[in-house]
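Remarks on the overall topology
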Amino acid sequence: MKKNILIIGGDSFIATNFIKSFQKSFNFKIVSRKKSFCSNEFIIEDLFEIPDKFFHGIDVIMNFCAIVHRKYVLDELYKKINYDLPVFLFKKSLKYNIKHFIQMSSISVYKRNNNININSSELPDTSYGYYKLKTDNYILNTSNNKINTTCIRSPLVYGANAPGNLKSLINLAKLNLPLPFKDIDNKLSFINIKNLTYFLNIVINEKLYGIMIPTDKNTTSTKEIVKLVRANLNRQECLFILPKLLKVLLKTFLPNIFNKLFQSLFVESNVDEKLYKPKFTINDGFMDYLKK
C-alpha cells in the first residue's frame, strides 16, 4: 500500500521537486503558503493553524518549511519558522501516532570548516543554523521511541531554478569577464536536487532514522564550476590569478565572500553506499541551470 505523506512547505524548491518525482509512489497531502503546481494542496498562510484532521491517517510528515539566510530578518522570525513550527508539527505527530517525522535540516548546524562530517563540532554562527540545530536536538531527544525521526543535513542544493550561492556563481561565470580563479583548487561539496529527492525516497522506504548527510558522489571547485559553465556555453575560460595583496584584502574585509569563493567546504556523507548511489553529476545540474 502507498504511504500517506503530509508535506509541510509544499511550495519550497526541494518539496516541489520531490513531489513531482514521486507523486505516483505516495499519497501526498500538501500544505503550502503559496499555490504551486500540486493537486491535493491546501493553502494555509499561518501554518500553526493547520487543522487537526490533516494529521489523521498520516504515515510520514516531511517538514520543508524554513526561513533561510536572508538579510534584515529578525531573530524572532528565524525562531518562529525554523524552531517553533517544526516543534509544533512534531508534537502533532506524537499526538496522532505518526510513525516517521522527517525534518529538512542543514550543514549550517556545524562550525564553518574546510571539512565537515557527522562528528564535526555543532557550533552554528548564524540564526538560521542555530535554530536548525535546536530543532534537531529537540526532535531527536523527544521521540521516546514513539516516533522515528530523521534530520537531513544536506550541503547546498543545486539544479534548475534552485536559489542560493551556486546560482550566483553560475551567473557570474556566464558573464564575459575575466575571473580570478585560475589557481583556486578548493574542494566543494554539493548535492544535485535529483540526487536529494532520490535520497528522500530511500529514507522513507528504507526507514532511515537519525542524522543523515547525503551529498553528490564527487566534489568540485570554484575554478571547475566556472570552466564547466563556460565550456557548456562554448566560451573561453578566461581566468587569471588574483594578486596576493588583493586576496588578503578580500579575506580581511569581505570574509564571507572570500570563504565562499576561495575556501574549501568538503562535506563527508554518512549514508551507506549500498543504499544511496548518487546518479547525477555537477555537470548534469549545470545543464539544467543553463536550459532555463
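Everything discussed here concerns the structure shown above.
Heads up: these notes are all about the structure in this document.

Counting its regular elements, the protein contains 9 helices and 11 strands. Taking 19 Å as the expected radius of gyration for a compact globule of 292 residues, we find that the protein reaches 20 Å, a close match to that expectation. Oriented by its inertia axes, the alpha-carbon framework of the protein measures out at about 60 × 40 × 35 Å. Expressed as a percentage of its 292 residues, the buried residues of the protein come to 48%. A sequence separation of at least 24 residues applies to 73% of the contacts in the protein between residues at least 6 apart. Of the roughly 15,200 Å² of accessible surface on the protein, 51% is carried by carbon and sulfur atoms. Between the mean site of the 43 positive side-chain charges and the mean site of the 24 negative ones, the protein shows a separation of 3 Å.

Moving on, we get to the sheet that holds strand β1 (residues 4-8). Taken in spatial order, the 7 strands line up as β3-β2-β1-β4-β5-β7-β10 in an open sheet, and their pairing is parallel. Edge positions in the sheet fall to β3 (41-43) and β10 (210-212), since each of these pairs with one other strand and no more. Across the sheet, the axes of successive neighbouring strands diverge by a mean angle of 15°, strand direction being ignored. Relative to strand β5 (residues 100-104), strand β4 (residues 60-63) runs parallel, the two being bridged by 4 bridges. Within the sheet, the bridge partner assigned to I61 lies in β5 and is F101. Against the sheet, helix α1 (residues 13-22) makes contact with β1, β2 (27-32), β4 and β5, and its axis sits at roughly 160° relative to β2, the strand it touches most. Along the sheet face, helix α2 (residues 75-95) touches β1, β4, β5 and β7 (148-152) and points at about 170° away from the line of β5.

The next thing to look at is helix α6 (residues 222-232). Turning to α6, its buried residues number three or more, namely T222, K223, I225, V226, L228, V229 and R230. Downstream of α6 by a residue or two, N234 has a phi angle that is positive, lying close to 60°.

On to the packing of α1 against helix α5 (residues 193-206). For the pair α1 and α5, interaxial distance at closest approach is 9 Å and the crossing angle is 70°. When the axis of α1 is compared with that of α5, the two are roughly perpendicular. As α1 runs across α5, the sense of the crossing is right-handed. Listed contacts from α5 to F13, I14, N17, F18, S21 and F22 of α1 are I193, L196, T197, Y198, L200, N201 and I204. Classifying every residue of the contact of α1 with α5 by side-chain character gives 9 nonpolar, 4 polar and no charged.

Together, R33, K34, R70 and K80 make up a region of like positive charge exposed at the surface. In this fold, K80 is placed in helix α2.

A separate point is the nonpolar core. Ranked by internal contacts, the top residues of the largest apolar core, which has 63 residues, are I7, F18 and M62. Ranked by residue count, the leading element in this core is α5, at 7 residues. Sequence-distant contacts of I7, that is, excluding residues within four places in its chain, are made with A15, F18, I19, F28, K29, I30, V31, M62 and F64. C65, Y83, V87 and L89 belong to the second largest nonpolar core, which has 27 residues in total.

Of note, the phi angle at N161 is positive, near 70°, even though the residue is not glycine. Position of N161 relative to the elements: it lies in the loop between β8 (157-158) and α4 (165-173). Classification of N161 by relative accessible area gives exposed; the value is 54%. Phi angles above zero are rare outside glycine, and K207 is one such case at about 55°. For K207, the position within the fold is in the loop between α5 and β10.

About the thresholds
- Residues numbered from 1 in each chain as written.
- Predicted model: local features only at pLDDT ≥ 70, side-chain atom pairs only at ≥ 80, totals over all residues.
- Heavy atoms only, no water.
- Helix = DSSP H or I, 4+ residues; strand = E, 2+ residues; numbered from the N terminus.
- Rg over C-alpha atoms; globule rule 2.2 N^0.38 Å.
- Buried < 20%, exposed > 50% of the residue type's maximum accessible area, 1.4 Å probe, protein only.
- Contact = heavy atoms within 4.5 Å.
- Areas by Shrake-Rupley, 256 points an atom, 1.4 Å probe, with all protein chains shown as cover.
- Lys, Arg positive; Asp, Glu negative; His and termini not counted.
- Charge placed at Lys NZ, Arg CZ, Asp CG, Glu CD.
- Pairing = 2+ DSSP bridges.
- Axes fitted to C-alpha atoms, helices over the stretch in contact; angles between N-to-C directions.
- Parallel < 35°, antiparallel > 145°, perpendicular 65-115°, else oblique.
- Left-handed = near helix turned anticlockwise from the far one by under 90°.
- Nonpolar A, V, L, I, M, F, W, Y, C, P; charged D, E, K, R; others polar.
- Patch = residues over 30% accessible without salt bridge, like charges linked within 9 Å, V, L, I, M, F, W, Y side chains within 5 Å.
- Salt bridge = Lys/Arg side-chain N within 4 Å of Asp/Glu carboxyl O.
- Core = buried A, V, L, I, M, F, W, Y, C linked by side-chain atoms within 4.5 Å.

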